[in-house]
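Chain and residue survey
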Amino acid sequence: MPSDGCTTYRIAISYDQNGAPHVKIREPQIAPSSIIHMYGNGDLCLYKPAETPWKSSDNVHEKIIPWTAEWLVFYELYLMCGKWLGPEAPHDLSGKAQQD
């Protein structure tokens, strides 16, 4: 946590066999915004799929969970200072995560 008093988050990770995992924040509700690296459907933008494509041999506990924790740190920092301080990649809010 970046500081005491940070919010506790409830997340959901889902994926189909041979598909890329999708991560959503269940609580508290966060409005999707490309500014905070979230797709229009509520999926978190955790990595650049073109540079780091998800492979069926990848492990959720080695990649997705640490990347989600890092996203949450950057989100808390965003709430404190109003600017996304984490890595950035261009994407849109079309509603479909580009992680497929």
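Structure: above.
As a starting point, this report considers the structure included with it. (Residues numbered from 1 in each chain as written. Predicted model: local features only at pLDDT ≥ 70, side-chain atom pairs only at ≥ 80, totals over all residues. Heavy atoms only, no water.)

This brings us to the overall build of the chain. Helix and strand counts for the chain come out as 1 helix and 2 strands. For the chain, the N- to C-terminal ordering of α and β elements is β-β-α. For the chain, buried positions account for 35% of its 100 residues. When contacts within the chain are restricted to residue pairs at least 6 apart in sequence, long-range pairs at least 24 apart make up 54% of them. Element-wise, carbon and sulfur atoms account for 50% of the exposed surface of the chain, whose accessible area totals about 6,200 Å². (Helix = DSSP H or I, 4+ residues; strand = E, 2+ residues; numbered from the N terminus. Buried < 20%, exposed > 50% of the residue type's maximum accessible area, 1.4 Å probe, protein only. Contact = heavy atoms within 4.5 Å. Areas by Shrake-Rupley, 256 points an atom, 1.4 Å probe, with all protein chains shown as cover.)

In this section: the pattern of salt bridges. Tallied over the full model, the rule gives 4 salt bridges. Across the pair D58 and K63 runs a salt bridge, and its minimum N-O distance is 3.2 Å. Relative accessible area serves as the criterion here: at 22%, K63 is assigned to the partly exposed category. (Salt bridge = Lys/Arg side-chain N within 4 Å of Asp/Glu carboxyl O.)

In this section: the nonpolar core. By size, the foremost hydrophobic cluster in this structure holds 18 residues, and its most contacted members are I30 and W71. Where this core is concerned, the elements lending two or more residues are strand 2 (22-27) and helix 1 (64-81). Per-element accounting of this core gives the leading share, 5 residues, to helix 1. Setting aside anything within four residues of it in sequence, one finds W71 in contact with I25, I30, I36, H37, M38, L44, C45, L46 and W84. (Core = buried A, V, L, I, M, F, W, Y, C linked by side-chain atoms within 4.5 Å.)

We now examine the packing of aromatic side chains. Scanning all chains against the criterion turns up 6 aromatic pairs. On the numbers, 5.7 Å between centres and 50° between planes, the contact of W71 with W84 is tilted. A residue pair is termed long-range when its members are at least 10 positions apart, and W71 in helix 1 and W84 in the segment after helix 1 qualify at 13 residues. Here the two residues W71 and W84 agree in accessibility, since each one is buried. Pairwise contacts between aromatic rings join Y9, W71, F74, Y75, Y78 and W84 into one cluster. (Phe/Tyr/Trp six-rings, centres within 6.5 Å; stacked < 30°, edge-to-face > 60°.)

Turning our eyes to something else, we now look at the environment of Y9. Structurally, Y9 is set in the segment before strand 1 (10-14). Note: C-alpha distance between Y9 and I25 (16 residues apart in sequence) is 6.9 Å. Aside from chain neighbours lying at most four places away, what touches Y9 is I25, E27, P28, I30, L72, Y75, E76 and L79. There is a polar contact of 2.5 Å between the side chain of Y9 and the side chain of E76. (Polar contact = N/O pair within 3.5 Å; in protein donor to acceptor, adjacent residues only side chain to side chain.)

On the surface, I11, I13, Y15 and I65 cluster together into a nonpolar patch covering about 340 Å² of accessible area. You can see I11 is positioned in strand 1. A residue is classified by how much of its surface remains accessible, and I11, at 34% relative accessible area, is partly exposed. (Patch = residues over 30% accessible without salt bridge, like charges linked within 9 Å, V, L, I, M, F, W, Y side chains within 5 Å.)

Scope: geometric values only; no functional claims are made or implied.
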